[in-house]
Amino acid sequence: MTILPPEPNFEALRLRLARLRDERGWSYDDLAEKTGKSRRTLIEIEQGRTIGSLDTWHALGHAFEVDFADLFATLCEGHSQPGSTAE
């Protein structure tokens, strides 16, 4: 029997991006300037139309000054993170 990992919570990651941008009062244009990514790409990620590349998320982490591991821990919202002990 194959045990598959739980589905990543992309919705939680998308919402985290929206909150981070909102907390700083940044427009999509502001974020595009800080990341070097296109405004359109950032809108599509935040609105859930695409997941985005690792390169884009790396740039987002740096723009928001958020630890990369902490940012991606959001993907495990709703289930245990890998390596954690089950309760």
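Before any of the text, the structure's been laid out above.
Scope of this entry: the structure provided in the associated data block. Along each chain, numbering runs from 1 in the same order as the chain's sequence is written. Given that this is a predicted model, residues contribute local features only at a pLDDT of at least 70 and side-chain atom pairs are listed and counted only at 80 or more, while totals for whole chains, interfaces and linings are drawn from all residues. Each side-chain value is derived from all of the structure's non-hydrogen atoms; neither hydrogens nor water enter the calculation.

1. With respect to the packing of aromatic side chains
For Phe, Tyr and Trp, where Trp contributes only its six-membered ring, two rings pair if their centres lie within 6.5 Å, and the inter-plane angle classes them as stacked under 30 degrees, edge-to-face over 60, or tilted in between. Going through the model one piece at a time under the given rule, you end up with 3 aromatic pairs. Measuring from centroid to centroid gives 5.2 Å for Trp-26 and Phe-64, while their planes differ by 15 degrees, and the two rings are stacked. Here the residue Trp-26 occupies a position in the loop between helix H1 (10-24) and helix H2 (28-35), and Phe-64 occupies one in helix H4 (residues 54-64), the gap between them amounting to 38 residues. Plain terms: the ring middles of Trp-57 and Phe-72 are 6.0 Å apart, the flat faces sit at 70 degrees to each other, and that makes the pair edge-to-face. Here Phe-72 lies in helix H5 (residues 68-73) and Trp-57 lies in helix H4, a separation of 15 residues in the sequence. Taken together, the ring pairs in this structure connect Trp-57, Phe-68 and Phe-72 into an aromatic cluster. Ring-over charges, as used throughout, are those where CZ of Arg or NZ of Lys falls within 6 Å of the ring centre and within 35 degrees of the ring normal. Note that Arg-21 overlies the ring of Tyr-28, its terminal NZ or CZ placed 3.9 Å from the centroid. Think of it this way: any DSSP run of H or I at least four residues long counts as a helix, any run of E at least two long counts as a strand, and we number them from the N terminus.

2. As for the pattern of salt bridges
Salt bridge, as used here, is a side-chain nitrogen of Lys or Arg placed within 4 Å of a carboxyl oxygen of Asp or Glu. Scanning all chains against the criterion turns up 7 salt bridges. Arg-14 is the salt-bridge partner of Glu-11, the closest N and O atoms lying 2.6 Å from each other. Note that Glu-11 and Arg-14 are positioned in helix H1 at a spacing of 3 residues, about one turn of the helix. In this structure, Arg-40 and Glu-44 form a salt bridge, with 3.3 Å as the shortest nitrogen-oxygen distance. Of this pair, Arg-40 and Glu-44 both sit in helix H3 (residues 39-46), separated by 4 residues, roughly a single helical turn. For each residue, the accessible area found with a 1.4 Å probe, counting protein chains only, is set against the maximum for its type, and the residue is called buried under 20%, exposed over 50%, and partly exposed in between. Classification of Arg-40 by relative accessible area gives partly exposed; the value is 45%.

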